[in-house]
Amino acid sequence: MLTTATRTLARPAAIRRFALAAGGARSQHTLPDLPYAYNALEPYIAEDIMKLHHQKHHQAYVTGLNAAEEAYAKTQSPKERIKLQPALKFNGGGHINHTLFWKNLAPANAGGGQLSSGPLKSAIEESFGSVDAFKKKMSATTAAIQGSGWGWLGYNPETKKLEIVTTPNQDPLLSHVPIIGIDIWEHAFYLQYKNVKADYLSAIWNVINWKEAEQRFTEAAK
Ligand SMILES: [Fe+2]
């Protein structure tokens, strides 16, 4: 039978580092700064929504993910690890999705809403007929999500095409490379748009960061 010391030495280095760090030294996930001021997306997305969304909602996913990862590092059995999967998925997805969402938006006076001619515009026109037709379809598909979730313009690496897809809850987009994501949780719009999802989904196009979207598309399509 192995002694405790021998067992420790026999574990792969990466696992040992992870377990050792779980005591507190492991670097934790942190809330990223917004790349613009809280009121910079007005009048399309109100300052109070942005503050709550970033400081409270996104922070809660970061806190939840750190807690779930710390608990995971202390688990002793597959059953304990399986039990933590929902928390990892929900909080990890929430952190990934919101980190992408902030970068996915830009103030209207700093390029937000402006899609210039280039590879992304051409690919959208090829897949959807026109940029307006794409926006209409993406808004309608996102509005039709039952409950909370995300609408995505994603790049399908299998077909090499742009496609509109949705994910429920905070599930991150795994089947496609995310190009644009729209948060359709009520916390993203309710304070300003109440129950009228269509108005939020119409307004958000004025602050979509198309430059960021094009970078993601170019990278994905390489
Ligand atoms: Fe959100």
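Quantities reported herein were computed from a predicted structural model and do not represent experimental measurements.

(A) Region of interest: the overall build of the protein. Looking only at helices and strands, the protein has 10 helices and three strands in total. Put simply, the protein has 222 residues, and 26% of those count as buried. Here the contacts in the protein between residues at least 6 apart in sequence split such that 67% fall between residues at least 24 apart.

(B) A look at the UniProt feature "binding site: Mn(2+)" (unreviewed entry) in the protein. Mapped onto this numbering, the UniProt entry gives "binding site: Mn(2+)" (unreviewed entry) at His53, His98, Asp183 and His187. On the basis of their most widely separated C-alpha atoms, the annotated residues across 135 residues gather in one place, lying no more than 12.1 Å apart. Within the element layout of this structure, His53 appears in helix H3 (residues 47-73). If we ignore the near neighbours within four places in the chain, the residues touching His53 are His58, His187 and Ala188. Residue position: His187 is located in the loop between strand E3 (177-183) and helix H8 (190-193). What His187 contacts, discounting residues up to four positions off in sequence, is Leu52, His53 and His57.

(C) Quick look at unusual backbone geometry. Of note, the amide linkage connecting Glu42 to Pro43 takes the cis form, showing an omega dihedral of 5°. Following the sequence through the fold, Pro43 ends up in the loop between helix H2 (13-21) and H3. Phi is positive for Asn169, which is not a glycine, with a value near 55°. Looking at where Asn169 falls in the secondary structure, it is placed in the loop between strand E2 (161-168) and E3.

(D) Structural detail: the pairing of strand E1 (residues 149-156). By the criterion of burial, E1 is predominantly enclosed, with six of the eight residues buried. Pairing analysis gives eight bridges linking E1 to E2, with the strands arranged antiparallel. Each bridged residue has a counterpart across the sheet, and for Trp152 the counterpart in E2 is Val165. Here E1 folds back onto E2, and the loop between the two strands holds four residues, one of which, Lys160, carries a positive phi near 60°. The sheet contact formed by E1 and E3 spans six bridges and is antiparallel. Looking at the pairing, Leu153 lines up with Ile180 of E3.

What counts, and at which threshold
Residues numbered from 1 in each chain as written. Predicted model: local features only at pLDDT ≥ 70, side-chain atom pairs only at ≥ 80, totals over all residues. Helix = DSSP H or I, 4+ residues; strand = E, 2+ residues; numbered from the N terminus. Buried ≥ 20, exposed ≤ 12 C-beta atoms within 10 Å, placed from the backbone. Contact = placed C-beta atoms within 7 Å. UniProt positions renumbered as here; feature names shortened; annotations may be inferred. Pairing = 2+ DSSP bridges.

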